[in-house]
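Residues per chain, in single letters:
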Amino acid sequence: MTLSQQIELTVNGRRRSVDAAPHHTLLDVLRDDLGLTGTKECCLVGECGACTVLIDDRSVDSCLVLAVEADGSEVTTVEGLAVDGQLSRLQQAFLDTGAAQCGFCIPGQLVAAHALLSTTPRPSRAEAEEGLAGNLCRCAGYEQIIEAVLLAAESGPATTPRRSVREAVDVAAQPDAGVAPQ
Ligand code: FES
Ligand code: FES
């Protein structure tokens, strides 16, 4: 018998209560219990960064964090980066530079970049590369991703809304975005 434990999280500003099995990770809880599938499941060993989220503003691989370890914390996922239905400048910059190819790594890249810009608002290229070093892109879109981070840094606070989510969804619905694994 597996004994689950009730944990309390604040996810993207909303209080959530979940019964978590001892072996379930934060990634399991986000995707399976809370339906936040923006956070991707890939290597599950902390190598790829697809599952990156913020815990209390610190960037972590959610596949390496047991859900019970996150009890009481504040979690931000890619779904929480837009503010009041508006994409942040960082999200807009990813669109503007064409950083998303298959799109699978992009949620993790966005969260890692958001964490970087929160502490280093005007990173050098080297700092941007270092900040995203834990996030792999199997489409090898690194140049556009770094370009997006630097563009967001140049154009003002990275969390400032720039574009409605509806518009972004319309962009994502275009044919090339249809190949993104979920
Ligand atoms: S799925 Fe967590 S680091 Fe790859
Ligand atoms: S866009 Fe990075 S894995 Fe495809």
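These remarks concern the structure in this document. (Residues numbered from 1 in each chain as written. Chains lettered and ligands numbered in written order. Predicted model: local features only at pLDDT ≥ 70, side-chain atom pairs only at ≥ 80, totals over all residues. Heavy atoms only, no water.)

## As for the pairing of strand β3 (residues 52–55)
Where we set the bar: Categorising residues by exposure relies on relative accessible area from a 1.4 Å probe, with only protein chains included: less than 20% of the type maximum marks a residue as buried, more than 50% marks it as exposed, and the intermediate range marks it as partly exposed. Helix numbering and strand numbering both begin at the N terminus, where a helix is a DSSP run of H or I of at least 4 residues and a strand a DSSP run of E of at least 2. DSSP-based pairing: two strands are paired if at least 2 bridges between them are found.
Judged by which residues are buried, β3 turns out to be covered on both faces: T52 and L54 on one side and V53 and I55 on the other are all buried. Where β3 folds back on strand β4 (residues 58–61), the antiparallel hairpin that results is connected by two residues, among which D56 adopts a positive phi of roughly 50 degrees. Judged from the two bridges that link them, β3 and strand β5 (residues 74–76) form a sheet pairing that is antiparallel. Directly across from I55, in β5, lies its bridge partner V75.

## Section: the packing of aromatic side chains
The cut-off we apply is this: Here the aromatic set is Phe, Tyr and Trp, taking the six-membered ring for Trp, and pairing holds for ring centres within 6.5 Å; pairs whose planes are under 30 degrees apart are stacked, those over 60 apart are edge-to-face, and all others are tilted. Whether a charge sits over a ring depends on NZ of Lys or CZ of Arg being within 6 Å of the ring centre and within 35 degrees of the ring normal.
Taken as a whole and judged by the stated rule, the model has zero aromatic pairs. Sitting over the ring of F104, R138 keeps its end group 4.9 Å from the ring centre.

## Things to note about the packing of helix α2 (residues 89–96) against helix α3 (residues 106–119)
Worth spelling out the cut-off: Axis lines are fitted through C-alpha atoms, for helices just across the contact stretch, and the angle between N-to-C directions can take any value from 0 to 180 degrees. Roughly parallel here means an angle under 35 degrees, roughly antiparallel means over 145, roughly perpendicular means 65 to 115, and every remaining angle is called oblique. Should the near helix be turned counterclockwise from the far one by less than a right angle, the crossing is left-handed, whereas a clockwise turn marks it as right-handed. Residues are treated as being in contact if the distance between any of their heavy atoms lies within 4.5 Å. Charged means Asp, Glu, Lys or Arg here, nonpolar means Ala, Val, Leu, Ile, Met, Phe, Trp, Tyr, Cys or Pro, and polar covers whatever is left, Gly included.
Contact pair α2 / α3: the axes reach a minimum separation of 10 Å and the direction vectors enclose 130 degrees. Comparing the axis directions of α2 and α3 gives the class oblique. You can see that α2 and α3 cross each other, and the crossing is right-handed. From α2, L90, Q91 and F94 reach across to α3, where they touch I106, Q109, L110, A113, H114 and L117. Partitioning the contact of α2 with α3 into residue classes produces six nonpolar, three polar and no charged.

## A look at the packing of α2 against helix α5 (residues 142–154)
Running from N to C, α2 and α5 point in directions that differ by 135 degrees, and their axes come no closer than 8 Å. As far as their axial angle goes, α5 and α2 are oblique. Between α2 and α5 lies a crossing whose hand is right-handed. In contact with R89, L90, A93, F94 and D96 of α2, α5 contributes I145, A148, V149, L151 and A152. Here the contact of α2 with α5 is built from residues that sort into eight nonpolar, no polar and two charged.

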